[in-house]
Amino acid sequence: LSHPGAKRFWEPRGSAMPGDGHTLGWKEDVSNSKEVTKMAENGVAQEITPLEKKICEQIEYYFGDHNLPRDKFLKEQIKLDDGWVPLETMIKFNRLNRLTTDFTVIVEGLGKSKSGLLEISGDKTKIRRSPSKPLPEFEEYKNAVKIRSVYVKGFPTSATLDEIKGWFDENGPVENIQMRRTLQRQFKGSVFVVFDSIDSAKTFVETPGLKYKDNDMIVLFKEAYFAKKSEERKQHKTAKNKKNEKEQKHMEDLDGKSFKEKNGCLLKFAGDLVDQTCREDIHEIFSNHGEIQWIDFIRGAKEGNILFKTNAKETLEKAKEAHGGKLQLRDKDVTWEMVDGEEEKTILKKIIEDQQESLNKRKGKARRGRGRGRGGGKGSWGQQRVQFQGKKTTFESDDEEGGQEMEETKETSKWKLLNQEFEIIHWYVENLPFI
């Protein structure tokens, strides 16, 4: 859908319109005593040009069952004049605007439709959805749409909506196409498509070897796709839990039996250290002589402990030999002492607790970093809002490039904030796990 204020709340990005061209005739609207163009009921068909067919499809999409209940802007317009919408307003809809802005061409095209959906005013300046074709109940329609919605993947990310629609026209009549996009409005190469009936959807899904150009297509009913993604998320969560358990086991590895394995790996140090002394100073001394597993020391302290992965005494001797028999920290003398017995167990227990606390802190930061949505901290997805510059406003549309620019008017400026909020909400709903 492409017009000012459209798709602010419900309409998916990159939607197409219903399928075939139709024919209109003339009939009088007795309810308001005005001459009104209505759908032909005499069965006389007129030849329709490709352009007229596209015009009919696009406008009938705007007023159709799928779009109208969700279209905030158009719903406001039809309240103003007993359902009538001026053609002057309609040609501001981007996709119709790209087809034509000529009222005569629009009226002549609609005059050849036989869907029965639209009426044209006697002066041929306004159109409306026929009162004889009221909208279905929303919940009922939504449930009906759900069972004929299909997920299709395999399109090039450079594909346009018109190209994709042309491919579907060859494979079955559709009511709506939603091009799935990232927050940056990049096409993902997959779509959700609503077929005109459950039989059409089933036939399409069961068709073997579907290809778009040379690409093999992945095709699933939408509900099956969500079920598959839900299962993948469960598997990912299970794998993540196993990883956390492994880390937990690693932390606990110093406990119990491993106390014996760590005998002789602990080195205690003390001295009149300067406040600037840090762990990096200790790493610098021992880096080429033994691998350090943990340093129990805080800046400003006068003593600390080092846990090596190998024998501490051997590591200390190698380091002393490399430094001329004397090991200092920032030019301060240090006493280096091996630890054993109960003192060794007490220090090792403290190190285990410190490691566990460090792991818990890292987990807490990871959870906070995810925020409310994927891949960002608190409010990070809000930073992806559409930016407006100068006197032009970029409206979300079904345009394949992700939006159209129009001169800002009174009519369009009131939708600016709503458009920003919708960008965020729509992405959030579309991309969060469906559980």
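See above for the structure.
Residues numbered from 1 in each chain as written. Predicted model: local features only at pLDDT ≥ 70, side-chain atom pairs only at ≥ 80, totals over all residues. Heavy atoms only, no water.

**Remarks on the overall build of the chain**
Looking only at helices and strands, the chain has 15 helices and 18 strands in total. Counting the 435 residues in the chain, one finds 45% classified as buried. Restricting to contacts in the chain with at least 6 residues of sequence separation, those with at least 24 account for 69%. Summed over its atoms, the accessible surface of the chain is roughly 23800 Å², and 49% of this surface lies on carbon and sulfur atoms. (Helix = DSSP H or I, 4+ residues; strand = E, 2+ residues; numbered from the N terminus. Buried < 20%, exposed > 50% of the residue type's maximum accessible area, 1.4 Å probe, protein only. Contact = heavy atoms within 4.5 Å. Areas by Shrake-Rupley, 256 points an atom, 1.4 Å probe, with all protein chains shown as cover.)

**Observations regarding the packing of aromatic side chains**
Applying the stated criterion across every chain yields a total of 21 aromatic pairs. Of the aromatic side chains, those joined through ring pairs into one cluster are Phe155, Trp167, Phe168, Phe195, Phe204 and Tyr212. Positioned over the ring face of Phe192 is Lys222, at 4.5 Å from the centre of the ring. (Phe/Tyr/Trp six-rings, centres within 6.5 Å; stacked < 30°, edge-to-face > 60°. Lys NZ or Arg CZ within 6 Å of the ring centre and 35° of its normal.)

**Brief notes about helix 1 (residues 50-62)**
Compared with an ideal rise of 1.5 Å per residue, which puts 13 residues at 18 Å, helix 1 spans 19 Å between its outermost C-alpha atoms and is within 8% of the ideal. Listing the buried residues of helix 1 in full gives Glu52, Ile55, Cys56, Glu57, Gln58, Ile59, Glu60, Tyr61 and Tyr62. (Expected span 1.5 Å × (residues − 1).)

**Section: the sheet that holds strand 13 (residues 292-296)**
Pairing in this open sheet of five strands is antiparallel, and the strands run 13-14-12-16-15 from one edge to the other. Each of the sheet's edge strands pairs with one partner strand only, and the pair in question is strand 13 and strand 15 (328-329). As paired strands, strand 12 (residues 266-271) and strand 14 (residues 303-308) are joined by five bridges and run antiparallel to one another. Within strand 14, the residue paired with Leu266 across the bridge is Leu307. Taken strand by strand, helix 11 (residues 279-286) contacts strand 12, strand 13, strand 14, strand 15 and strand 16 (332-338), and its axis lies near 145° from that of strand 13. (Pairing = 2+ DSSP bridges. Axes fitted to C-alpha atoms, helices over the stretch in contact; angles between N-to-C directions.)

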